[in-house]
Amino acid sequence: AKVLTVDPVKRRLTLTLKRSIIKNSTADVSSYEKLETGQQVTGWVAAIKQFGIIMNFPNLIRGLVHSSDISNVPMTEAEFSKLYKIGQVLSCRVVFVNAEKEKLSLSLNLLAEMENKKTEEKWARRGQIHSCTVLSRSKSVNSPDGFIVQLDSTKEEAFLPLTHLSDHTSINQLKITHLQPGTTIYPVLILGKKLKKITVTAKSSIISWVKGFEELPKIADLKVGDFVPGYIKDFQDYGCFVEMGNGLVGLCPKACLADTFVSSPRDVYSEGDTVLCKITNIDTEKERLLVNLKHSEVGKQELLSGPALLKSYFSELKPLLSNTSLKPAGTLVTCHVTSVSDTWVNVTLNGGVAGIADKITADATLAPGDEVKGVVLEYSLTNGGVYHVTLDQGLVKSVEERGKKKKKVAEGSEVNGRVVLSTEDFMVVVLPDNGYRFGYAHKRSHVSELGGRHREVKCGDEISAIVHSSKKGERLLLSLLPPPDTLPDTASRKRKHSEDQDLKFDDIKIGEVYTVTVKSVKTLQLNVQLSKKVNGRVHVTEVKDSPASGTHPLKEYAHGDRIQAKLIGFRHSKTHRYLPITRTDYVRSMGEFSLRESVISSSKTRHIREDEKVDETKDLISSLVVGQEIPGFVKSIDPAGFIWISLTPGVEGKLWHTLTSTDKDEIEKWTERFTVGQCVVSTVFSIKDHKIDLSLVGPLVVDTKFWCTVKNTISGVGVKFQISNREYGVAPLTELNDHYTNTPLERFEEGCLVQCSVVDIPQGKPPTLSVRKSRISQRWKKAVGNRVVVDRIINTTSDLDEGSVYSGYVKSTSPTAGVFVTLGHNLIGRVLMKNLSDNFLKNWQPMFPQGKLVKVYVIQTEPKVELSMKRSDLKKGKEEKEGDESDDEQDVQRCLDDILLDKFQDSDASDHDNHEEDDEEEDEDEVKEVDEAPKITFTTNKSKSDVQTVSDSVSLREVLEEEQESESEEQEELQNKEEPETKRGKSFEKREKKRKKEAAEEELRKIEMKSSSILDTEDDFEREVASKPDSGTSWVCYMAYWLGLGNVDKARLTAKRALDTINYRMEEEKLNVWSALFNLENSFGTHEGLMKVCKEAAAVNDSKTVFLRLAGVLGKSQKYQELDEVYSSVLLKKHKRSRKVWCSYCTTLATQDRLQEARDLLAKALKSLPKHKHIRTISHFAQTEYKVGDPNRGSTMFENILNTYPHRLDLWSVYLDKTIALNDADQSRLLLDRMIGLKLPIKKMKFFFKRYIDFEMVNGDEKSLYTIRTKAQEYLNSKDDE
């Protein structure tokens, strides 16, 4: 027997006689502490539960085998209960153990675990170094660009990002073209594995660091102060994350990125850049690191220093040049000049090898075909491989005299040299004092040096350096020394001040040159110090005379640099205003300095005065002309769509995002292409009101092509585009397509990008634009040829041929003059009434709405363009373009029939809508129960079957009415129980009168809008408002006229005039003007201005009506946050007893997909509203559920109301309409069966039967229609029997 447990207190032993436990050593489990993950143990089943099997082991140790760890195949409780029994001995493996909490997880899947363990031993692990073979290039949209490779040892696929091909960006670009499928890369380091995807790197700095350890270091092996190479993994606003070769990631806060101020980490680093970081803090428990990348902290380390970077650069470049026999630097060659450009001389070396030389070093008289001697400097793989040579004959002569003997240079010695070649990463230096040897120096002293003191080194510059490596057979590597501070002495009046001299304000004079110390580098200025008591700044526009576009001049400077600057003025340190020369407040004065060579060398004393901002703006703008190029610097990027560009310390311009490029893809990513402080050489696009608009695509002149955003579409007129921040243009209907269509505005959505061409720039009006492909792209026009029918561009009458047929758009109509048709952007023709049709037309104006596409026949072109739409003229005229002529468009009688049919449908729809409108509008004398049946309407179509259906329905109604008349006695008895007929009749008459009045007003408003559309000058509108001073429509059209010209202030003044002019009794007209003013402030003003106008309107009008109109304006513009504020702070507080307010807010929330908030609103509404308004409120919320929510919930709400108020005919009608709209015929029939089964007065039952018959005529068949007619007759017979 074998002892399992011992209980000394109870003096009890537990033994077992099972041989599988006695003879098995894996059953000897003494404690939780001695168990290890992966250990095999033997125990017995204690219990079988739904979640798994509980195992017992000696010494009261228990563990759980979860159901997922019982087998490879998922098993249920019933399945593994049949396989295992309580007391059965099983061998299992430890998956997890926690001795403190006495928790033990086990697994019975031993075979799979052993196979997985063997497989894991073959898998690649983090920190291993392998060789790999390139399989393919990966260019996925959702993943970084790189190569798919296969590890040679494990045959696993891995991903090698492009940024991890090398530590050097230029080598990365070379390797991209060099690496082909099948190419072997060695070595690569396994960075990690995520989602079964292995990531590797070929960065030599990280691989060398990992090779220095026998085992991959963990976080416990690191200590504060260690220097570790890594790469930039990710960016955040507060800093960036650096990943190291051991997989650990450290955070570098923004303050630790550089010794100078950094506004954004992306300004100084890119994702994948190699860095050297210093560990400053270690959190072992959370495995978090804080690192520092400052040059002052890591710049003294040999790792990733300038010479080390250069050494690795040439080491990685060597395999790429393996098939090339190179000439070393200093080799004399004979060059044949092939071509000469402004900056380079292209030559051919012996053997036909291409070469290139800087023109500065060559003789100015060189011409193609000349032969000249040169010296090889370096070989470059760019452009298919080319030698860089120098044609400096003085250097060539010195190299010839030196011969093959090279003077030895000791490592560590200081040498002086001259730059003969400057590339992106390094420079080639000739050492005259050391036998004209050639050395190589990196432009950065360390990888952490962001700006680099020698980034702008040019050929011919003198430098000093320390010899870093001078081994025989290898390149001579140099480490550059910082340039000494020198003072220019070109002018006698420049004074040199001692560094230790303690200058005071009394000693400083404007116009003098001083040596200042850089205290900090900001994005737009250098903060400098002249002495202990005198501080100042150098604005970014005062650094260089002609900065290159895309550069950051301030990055060339670092903290502690000593520079020469000219004092040009003073400004106040707190108010930032510039001070006059006669300043007295020295305590708060800051010096304004300039580094521009033209300013320093100028003999004139330019100083900034107190009124500098005003004067300099006027002077600069007066000197600028449209199309002039001017350098500036990005001050800020506004997400609204523009960039502020600083042109001088006091003058700024705006660069609209669509004017930053001619490439649509670049425009969509405009925020990523610009950074604060970046130099931008732009063109003056336009100047208005002393405000400058800039452009990178050219000035605003005729035939200029650029991208615009659609501001809005103007029905019947065209499309309004936003060209720049202050410039708008209009594309008329004739300039929207090369092939005119009936719906030219359909494809233009607000905010979309469209390429436009400037057609005309009229004086005092917006530019005329065109989006015709034939104007924008000549290549498209040539490619298309005659395959597409194109409406010819018509500019003048000379483009018209008398007797030809053209297409155009209706501009306006006049009762006396006829129809005016637009044929071109500035050419309009007239069609007299007698030329509209071959037949007499009585009511012809509705046939020609503004913007309708028509065909016209040219009668004459001089002195005025006279046109005709007669069918006879169109047939005899020549077609200007090919295509089938539509008889429907030319047949006037058919147009009249269509208009009549439209009116018939509109009248039916309006009757149906009026029923719902009555249910929605607020009425002070609300009737609690409505017995009046609404008017029955039909939706009529053009088909003959529908016409027959209508006639059948009418005949049935007549039968029912006759039957109802025979029951007059019963009706009189029922009427005694209902409201008096006279009361209902008066109420109905009032509603009908109100509807007719509103319809007349709407018709009058349409006529006014049509007449106003003909007006196109300020004088025309002034005459219009003078003749109709109380017409709100005329005033609103006048406002729209000013907005079309981009003059918002004039539009505001027009609105104020209208409100002062319109008679105080015309409340509705004034409200229309107020609404237009709301839209104006919402689109072109601020939210504060909008609320101010709204409060003014509420003071002189009904407050509820005003704020509801404001809510409508905010809702249409999707400003939901401001909309919620209006409802919560005004409407639901001051007008909480108004049903219309609650229903409006419900609709607003539902349209924003905030359905739950809309549902919660009902309880609040019922608490605030009077009881007699509850039914209609609940009805509105139920209808909202049908529209945007859950129809079942809406049905439940209607059922609850109708259970309480079964006699409400209006509720039944709305409930039925919503149910039919769901297109569920069975559900609709069930509801109709309930309705005709109610015991209601005969008038209401008549309404239900009518609705049932109408429904079956549309959705049923003859049998179902016969059935309901039979039921109607039975109902009438039953009433007759009673």
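Visitor: Before we move on, could you go through the sheet that holds strand β14 (residues 239-244) and cite the residues and values that matter?
Guide: Strands sit in the order β13-β14-β15-β17-β16 around a closed barrel of 5 strands; the barrel is mixed. The average angle at which neighbouring strand axes cross in this sheet is 50°, direction not considered. Pairing of strand β15 (residues 249-253) with strand β17 (residues 288-292), which is carried by 2 bridges, proceeds in the parallel orientation. Counterpart to glycine 250 in the pairing with β17 is leucine 289.

Visitor: Run through the packing of helix α30 (residues 1174-1188) against helix α32 (residues 1209-1221), naming residues and quoting values.
Guide: Direction vectors running N to C along α30 and α32 enclose 5°, while the axes themselves pass 11 Å from each other. For the element pair α30 / α32, the angle class is roughly parallel. Side by side, α30 and α32 meet where Ile1175, Ser1179, Gln1183, Tyr1186 and Lys1187 of the first sit next to Leu1211, Val1214, Tyr1215, Lys1218 and Thr1219 of the second. Looking at the contact of α30 with α32, its residues break down into 5 nonpolar, 3 polar and 2 charged.

Visitor: Talk me through the nonpolar core; I want residue IDs and the actual numbers.
Guide: Among the nonpolar cores identified, the biggest contains 85 residues, and Phe1078, Phe1107, Leu1110 and Phe1248 are the most heavily contacted of them. Here the element with the most residues in this core is helix α34 (residues 1242-1259); it accounts for 9 residues. For phenylalanine 1248, the contacting residues outside a window of four places in its chain are Leu1209, Trp1212, Met1235, Ile1236, Leu1238 and Leu1240. If you look at the next biggest cluster of nonpolar residues, it comprises 39 residues, including Phe642, Cys708, Leu736 and Phe748.

Visitor: If you had to explain helix α29 (residues 1155-1168) to someone new, which residues and values would you point to?
Guide: Between the first and last C-alpha of α29 there are 21 Å, a value that for 14 residues agrees with the 20 Å anticipated at 1.5 Å per step. Among the residues of α29, those classed as buried are Leu1155, Ala1158, Leu1161, Leu1162, Ala1165 and Ser1168. Next to the buried residues of α29 lie α28 (1139-1151), α30 and α31 (1191-1204).

Visitor: Lay out the packing of aromatic side chains in plain terms, naming residues and giving numbers.
Guide: Counted according to the given criterion, the structure contains 24 aromatic pairs. Measuring from ring centre to ring centre gives 5.9 Å for phenylalanine 642 and tryptophan 644, while their planes differ by 85°; the resulting arrangement is edge-to-face. Assessed through its relative accessible area of 8%, phenylalanine 642 is described here as buried. With centroids separated by 6.2 Å and ring planes inclined at 80°, the aromatic side chains of phenylalanine 721 and phenylalanine 748 adopt a geometry described as edge-to-face. Note that phenylalanine 721 is positioned in strand β40 (residues 718-722) and phenylalanine 748 in the loop between β41 (728-732) and β42 (753-760), a separation of 27 residues in sequence. The burial state of phenylalanine 721 is the same as that of phenylalanine 748; both residues are buried. Through successive ring pairs, a cluster of aromatic residues spans Tyr313, Phe314, Phe426 and Tyr440. In this structure, arginine 475 packs its charged tip against the face of tyrosine 440, placed 5.3 Å from the ring centre. Above the face of the tyrosine 728 ring, lysine 720 is positioned so that its terminal group lies 4.8 Å from the ring centre.

Visitor: Tell me about the pairing of strand β34 (residues 629-638), and please be specific about residues and values.
Guide: Relative to strand β37 (residues 679-688), β34 runs antiparallel, the two being bridged by 5 bridges. Note that in β37 the partner of glycine 632 across the bridge is valine 680. Sheet analysis places β34 next to strand β35 (residues 642-648), joined by 5 bridges and oriented antiparallel. Directly across from aspartate 638, in β35, lies its bridge partner phenylalanine 642. Adjacent in sequence and paired antiparallel, β34 and β35 are bridged by 3 residues, among which glycine 641 carries a positive phi angle near 125°.

Definitions and cut-offs
Residues numbered from 1 in each chain as written. Predicted model: local features only at pLDDT ≥ 70, side-chain atom pairs only at ≥ 80, totals over all residues. Heavy atoms only, no water. Pairing = 2+ DSSP bridges. Helix = DSSP H or I, 4+ residues; strand = E, 2+ residues; numbered from the N terminus. Axes fitted to C-alpha atoms, helices over the stretch in contact; angles between N-to-C directions. Parallel < 35°, antiparallel > 145°, perpendicular 65-115°, else oblique. Contact = heavy atoms within 4.5 Å. Nonpolar A, V, L, I, M, F, W, Y, C, P; charged D, E, K, R; others polar. Core = buried A, V, L, I, M, F, W, Y, C linked by side-chain atoms within 4.5 Å. Buried < 20%, exposed > 50% of the residue type's maximum accessible area, 1.4 Å probe, protein only. Expected span 1.5 Å × (residues − 1). Phe/Tyr/Trp six-rings, centres within 6.5 Å; stacked < 30°, edge-to-face > 60°. Lys NZ or Arg CZ within 6 Å of the ring centre and 35° of its normal.

These figures come from the coordinates and say nothing about function on their own.
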